[in-house]
Structures are given as structure tokens and as C-alpha cells.
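# Architecture and fold: a report
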Amino acid sequence: MNNEAAIGHAHRDDLGSKMGMWLFLFTELLLFGGMFILYASYRYMYPDNFKVAAMHLDTLIGSVNTILLLTSSLTVALSIAALQRKQTRFSVYLLMFTIVAGGAFLVNKYFEWSTKIHHGIYPKGPEMANLSDGEVIFYGLYYVMTGLHALHVIVGLVFIGFMIVFILRGKQTFDNYQKLENAGLYWHLVDIIWIFLFPLFYLIH
Amino acid sequence: MSENTHTQEHPGYGLYIVVWAGLVGLTTITVALAGFNLVGLTVVTALAIAIVKSLLVTNYFMHVKTDSAVFKVFIFVCIAIFLVVIILTFFDLTYRFPLK
Amino acid sequence: MDHVSYLDYKGKHKGLAGWLLSTDHKRIAILYLVSLIVFFLVAVTFGVLMRLEMLTPGRTIVDPQTYNTLFTLHGVIMIFLFIIPGIPVVFGNFFLPIMLGAKDVAFPRLNLLSWYFYIFGAFLVILSLFVGGGPIDTGWTFYVPYSLRTQSNVTLAVFAAFVIGFSSILTGLNFIVTIHRMRCPGMTWFKMPLFVWGLYSTSWIQLLATPILGITLLLIMMERIFGVGIFDPALGGDPLLYQHLFWIYSHPAVYIMVLPAMGLVSEIIPTFSKKDIFGYGPIAMSSLAIAFIGYLVWGHHMFSTGISDTSRAIFSFLTFIVAIPSGVKIFNWVATMYKASIETRAPFMFVVAFIVIFSIGGLTGLVLGALNTDIHLTDTYFVVAHFHYVMFGGMGLLFFGGLHYWFPKMFAKMYNERAAKWGLLLFVIGFNTLYFPMFIMGYLGMPRRYYDYLPEYKIYHIISTVGSWILVTGILILIINLIRALLKKERYTEADPWGGTTLEWKVATPPSLENFDEIPVVEHGPYYRENLIKPEKSH
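One structure accompanies this document, and this report is about it. Since this is a predicted model, take the numbers as computed values, not measurements.

### Section: the interface of chain B and chain C
Facing the 17 residues of chain B at the interface are 23 residues of chain C. Taken together, both faces of the contact between chain B and chain C bury some 1,600 Å²; the carbon and sulfur share is 78%. The tally of links from chain B across to chain C stands at one salt bridge. A salt bridge links Arg96(B) to Asp238(C); its shortest N-O distance comes to 3.1 Å. Across the chain B-chain C interface, the total number found is four residue pairs in polar contact (both at pLDDT 80 or more). Here the side of chain B that touches chain C is built from residues that sort into 13 nonpolar, one polar and three charged.

Shown next, in the form of C-alpha cells:
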């Protein structure tokens, strides 16, 4: 290894690494924050249209997806605890469960979107011309916000996939698991964003 | 560096499962409440429950409760700025589109 | 380990690759410096062409559509590729770790990555000129609904700005962690140089404001590509919400531009005044205060757009508050110089020019921040003059000031100070000849971004265009003078040419690859002088 590369790795700073991750999470939070501002503004401008549009979203799918994400968050947290106790295998299984749950979330999302698209409710879709302004905006925000969230789920799953590899190769161990913790932080953030998206889109009555 | 050794007690599996049960319980409540007509309080209750849920996730799953205090300050700054921005935006909206 | 300078260091990669793949913060700073100067000169060229077009009413050299493209590109390149990255990526990258007594930033590879994001974004900007509907004509603000309707290639240009924003976020993130985690023993928060405080405040804005712009630009892309209804009034959207989101980022971005420049002033003044800074605490805290208040005032860009009267009054009031921390800085700088035996070396003269020009910019800012006068002056040349006084006269001037201050340390070459002072003099004369008439014609009603104008404005436009030639002469003298210094054979190895007190003057010139042979231990404040002569008490 040359000296140049050595500088960055001269010492390990877990707290610094975690701090970097948290700061990155803030940027994600404010990325969605910008959309929450839009959501709040338009909901204020079109309260009735939003109510009508939200009726057409499937609360059951939304609820199931919420439980899936919460549980996957739990297993990530547990997997760190397992690694700390040197239960490497258990830790990997828990992460695999997370990937399965995250995958199931995406599958549900896929069916939800395709039902809507099937009914012609999508940007420039045939049904959109019959909708009021507020409903068009609602679905616009719905597609963008849940779509961007789904993108984050995919990225999170890829991160966790890497973590499984790292654990199996012994690069993340009971006394060196900051990468796993950072991946976990990212996954929890994805969960938190959904915690807010869910009532705002599915539970307006 | 001393911070790397993670000196604090590792939280047990039990705590995480209790927190998870709480989160699922709150989800059930918020879905159930959506069935009632709470008039103006619908958004408020839904958001209040969401805030409690996210506090549970950040404090326990994300370890903010036991972590260095600097993260609490950071989170506070981030949330404060977001709130300030949304409040100032609403000074425009609420007076531009007054409620009937 | 051998004491080898960062300029001579030979790593795994040789030649150009040794620079393009280096994660050393000093080499990355030089990469940024070269790219920034190139884009600066390109945007200056567009500016000069615009002034040339405005020399006479009607067509002078280009057609109206080209003129629209010129002012858009001038704005986009200057703002996103020069002013916003500006001082942090060059001087911050180079000197932040040294000033903190560290060997590098917290995440060296991320640092290099952010340069590649920057270059990729710049590449996309250039690409957007030649593909699709051709060069953008929206102005740098990309206001809807025009940006949704125009045939020009807004989608790609907006994506470019998104990518550059990402680069900015990564730099901010890196600096915050560096400042929190990499301070050397003894370097407590209030022993950090004030430039670091400027960078720290800036980094927080970069981190917490840029994502809002990111999502806004992303939504424009969504609307253009998929026809999603978000801002388009034809689909029930509210274009004013676009402006809100845009300025929620872009007003704080003004402080991304100027806070590091102010930090630089706080370095240069004590060095040449041979004194400790007056009011260290207030200057440091005023940086944080400006960063926070910067979030509260974006609405003053929208006074004439039809936002509610209540919010206009609130935003106008809040805008005045920004003047307080800015004033705190100016007074403390002047107090530092008071009764000091000042050495009027070249870098110091940049600061003097800055204080005068920036004060004009700041005071005319109050005229625009006041609701009633703004209604008269909005979208006129008065605004153009104002933001060039604060941005170009603030950040732009001090970018050169910083370059002259740290040039010997960075390149181990000394430039001709006389030539630098002459260049600066022409810069200042040209600057005022170029922009001051804009205050007058703006006041008289000349609207900005217009291709044509009434004959009564002609005299101001002529003066202004002549000013642009003087200004460019000054800039060229400054740059050529530095290039000539670079071409000198012999190295300049004086560690502390100006008598500075911060850590970067205590390391070798040029700095070694790891900055310090051993990590220093700090005992005193950043501007402490052992043999300081206390000024006699006045009667």
C-alpha cells in the first residue's frame, strides 16, 4: 500500500464514520423534506380533493408494507446485537430476513402501482383528464414520493447485501462493525420516511 | 481511539422486540383511528403517532438515546431548520389562500 | 518517513494520474483551483460578450435568443461552478486540515469523489449546449412554468446542477466531520482559526440547504420527462411554490458563497495588522448566526411575485436582521486594524478593496430588502449591480485575495507584488465603472435580462461596457502575474512570508505530503503573538 492511501486509514475513527453517515441522513431527510413542504402546501390548498384521491389508495397494502418495514428495521437492529455477541451466523440470517421483507415491500409496491396504472391513473394517463386539479397533484406527489422512497429501499437493500458479504468474509466483526451500523442507520431512515408517508397518503379520511 | 471500543452496554434482544411491538401497536392504532371521523384532528393525531414512532426508531434502533450527545444536537438543528422553513412558507400560503 | 513535499511526491501513479487519482487534500485543492479558474474565465467571457451586446440599443453582436443563452450560462457557470464551490473547495481543501493540525480531511476518497462529481456536472452543462433542444435560455433560476415549456435542454442542465449540488454536499459533510474529529491536541473549538469557523458554518448550509434544491430540480425533470403534475399551473400546480423551494436553497447559498470569504478576511487582517484579532468570539459566532438567519429570509426574492402581504412584511423584517452579524464582523475587522502597524502588502490590499466594495453591496442590499423600495427596483439593473457588488466584489475579489495570500505556501513560488497591486487597482476601477452605472440605470427603470433598451440608458451602458474592459485587463494582469511566478525556476521556501500565526505558516513551504512531521500540540489562540507590542492606551 502506498503512503497516500495509508493516510486515510492511519487510524480507525468509528465515531467520525458514524457522524458522516448521520450527516448524509440529514441530506436525505431534507430531500424528502422539500417534498413534504409541497405535500403540506397542496394539501392545504386542496383539502377535499386530497381526501377523495386518498380514498382510492389501498389502506391494507399500505398497512402491510408498514409492518414489513418496521419488522425489517427490527431485524437489522437485532443483527448488530447478534454480531456484538459473536453470533455471526444468526446475524447474517437476520440480515437475510431484512432483505426478504424489503423485497416483499417492493413487490407490494409494484402491484399497487400497476393497479393504479391499469386504471389509467398515472401522469399523462387517460383517466387523469377526468380528475380535479388537486387529485392530479395528489397522484403526482404520490408517484414521486413513493417512487423515490422505493428507490431508497432498493439502495438500502444493496447496502445490506454488501454487509452480509462483509460479515461472511470477516470484514465486519464483533469489535469492528461500523459499516454494518451505518447501513442499519440508512435502513432505519428509509423506515422513518415511510412512517410519515403512510398516514399522509393512505389515512386521510 | 477510545470511541472505537464501544464501551457502552450492548442493548439486549428483548428491548428491541419490545420497541418493535410498540411500533406495530401504534401502527394498528393509527389505522384504526383513521376509520373514525375526528374532524380537524385527523392530521394532528396521525402526525403525532408518526412522530412517536420515529422517536422510538431513532432512540432505540438508531441508538441516539445512548450515543454521543452531539447527534442529538445535530438532529435538533436539522429538524429546527426544516420546521422554520415550513412555517415561513405557510405565512405565505395561509394568507394567500385564507380558509373560508 | 522522508520529508517529501506534496508537489514532488511520487505515489503509485505517475504524471497526470498522480494528480487525478490522488486523495491528498492539497492535490485535490489544486485540481479544483485549475478547474475553477477555467470556468471562471469562460463565464467572464460570456459576461464580456453580454456587455458588448448592450453597448448599443438593438442588435450589436448577437441575436436575442443567443443573448438569453449568454446570461443563463454566465449565471449557471459563475454560480454553480465558481462562486458556490469557490473558496471552500480550493482553500478549504488545502488549508483546513493544516489549520487544524491534521494530516488530511476525514474522508479523503470522498473528497476526490466530490471533485469528480463536480467535473461530471460541468461536463453535463457543456453537453446540454449541444444536444436536445440546445442551450438553456431560462436564466439560472430555472423558473417554472417557462422552464417546463421551453424547447431548450433544461432537463440536462438541471440534472447537471443536481450533480454539482451533490459534490457540494459531500464537501460540506467531509468538512464538518473533519472539524469535529480531526483537531489536533489542544485545538479546542475556540482556538480554531476564524477561516475554519467560516468553513464550518458554510458546510452546514451546504449540507442542509442543497438537498432542497436537489429535490426541486429533480421535480422539474419529473415534470418535463413524465408530465407529473407538481408545479405546472395547467395541472393545478402553484409556480410560487417552485420559487419558494428554489430560494429556500438559493438564499442560504448566498452565504455559502460569502461566509468563507469573510473567514478569509479574518485571517488576512490579523496577519498584516501584526495583532491578535479583535473580538474572536463575536466573529466566530456571527458566522453561525449568519448561517442560521440565512434560512429565514428567502422570501425577499419574491416580493413582487404575489406572495401574501403578511409574509412579505415578515421576510422584509427578517432580512434586516442579517445586517447585524455582518456589521459585527465589519466592526471587529476595523477594530483589529485600529492603531495597528499595518503592512500594506498585496493580500491586504485585496481585503481593503473588499471592505469598501462589499459595504456598498451590503448597503444597497438593505434598499432591496425594504419592501417598498424593492417594488420599485425589483428586476432592474439595480439588483444586478447589487449582487455583483456582494458576490463578485465579495467572494470573487477575495478568491483572488486568498490566492495571493496563500500562493507562496501552495506553490512555493513568489509573485511580483507590484504587478499584483496594479492588477488589483485596475480590477477595482473597472469593477466600479462596470457596475456602478447599473445602480443608476436600474433606479431609472432599466429592466434586467432585456436585450434592447431605450436610448436614454445608452450613456450608462457605454460606461458600463468600457468598465468591463478595464476589469478584464485587471483580472488578466493578476492571473498572468501568478502564472509567471509559477514558471519561475527557483523555489520559494520561506515558511512564513507574511508573518502569519496560524498553523499553515508553521509547516514547510511547500507542505510535505502528510503536512506535519509530527502532530502539533496547540497552546494558544490562532492569532497569538509572543512578542506582541501592546498599543499604548489612548487618553
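That shown, we press on.
### Side note on the interface of chain A and chain B
In this assembly, 53 residues from chain A lie in contact with 49 residues from chain B. Both faces considered, chain A and chain B share a buried interface measuring about 4,500 Å² in area, 77% of it formed by carbon and sulfur atoms. Remark: the boundary between chain A and chain B carries one salt bridge. In this structure, Asp67(B) and Lys18(A) form a salt bridge, with 2.7 Å as the shortest nitrogen-oxygen distance. Where chain A packs against chain B, one counts five residue pairs in polar contact (both at pLDDT 80 or more). Contributing elements (two or more residues each) for the side of chain A that touches chain B: helix H2 (14-45), helix H4 (59-84) and helix H7 (178-202) of chain A. Sort the elements by how many residues they give to the side of chain A that touches chain B and H2(A) lands first, with 18 residues. Looking at the side of chain A that touches chain B, its residues break down into 31 nonpolar, 13 polar and nine charged.

### Quick look at helix H6 (residues 133-168) of chain A
Taking 1.5 Å per residue as the helical rise, H6(A) with its 36 residues ought to reach 52 Å, and the 53 Å between its terminal C-alpha atoms agrees with that figure. Two residues or fewer after H6(A) comes Gly170(A), characterised by a positive phi angle close to 75 degrees.

### Here we look at the packing of aromatic side chains
Taken as a whole and judged by the stated rule, the model has 77 aromatic pairs over all chains. Seen in terms of ring centroids, Phe159(A) and Tyr186(A) are 5.3 Å apart; in terms of plane orientation they differ by 75 degrees. Their pairing is edge-to-face. Of this pair, Phe159(A) sits in helix H6 while Tyr186(A) is found in helix H7, placing the two residues 27 residues apart along the sequence. Phe159(A) sits in the partly exposed class, given a relative accessible area of 35%. Its relative accessible area of 2% is what places Tyr186(A) among the buried residues. Note on Trp197(C) and Tyr200(C): the rings are 6.2 Å apart at their centroids and 90 degrees apart in plane angle, and the pair reads as edge-to-face. Of the two residues, Trp197(C) and Tyr200(C) are both situated in helix H8 (residues 194-226); the distance of three residues between them amounts to about one turn of the helix. Summarising the burial analysis for this pair, Trp197(C) and Tyr200(C) share the class buried. Above the ring of Phe174(A), the side-chain terminus of Lys86(A) is found at 4.3 Å from the ring centroid. A cation sits over an aromatic face here: Arg27(C) above Trp19(C), 4.4 Å from the ring centre.

The rules behind these values
Residues numbered from 1 in each chain as written. Chains lettered and ligands numbered in written order. Predicted model: local features only at pLDDT ≥ 70, side-chain atom pairs only at ≥ 80, totals over all residues. Heavy atoms only, no water. Contact = heavy atoms within 4.5 Å. Buried area = accessible area lost by both parts, 1.4 Å probe. Salt bridge = Lys/Arg side-chain N within 4 Å of Asp/Glu carboxyl O. Polar contact = N/O pair within 3.5 Å; in protein donor to acceptor, adjacent residues only side chain to side chain. Nonpolar A, V, L, I, M, F, W, Y, C, P; charged D, E, K, R; others polar. Helix = DSSP H or I, 4+ residues; strand = E, 2+ residues; numbered from the N terminus. Expected span 1.5 Å × (residues − 1). Phe/Tyr/Trp six-rings, centres within 6.5 Å; stacked < 30°, edge-to-face > 60°. Buried < 20%, exposed > 50% of the residue type's maximum accessible area, 1.4 Å probe, protein only. Lys NZ or Arg CZ within 6 Å of the ring centre and 35° of its normal.

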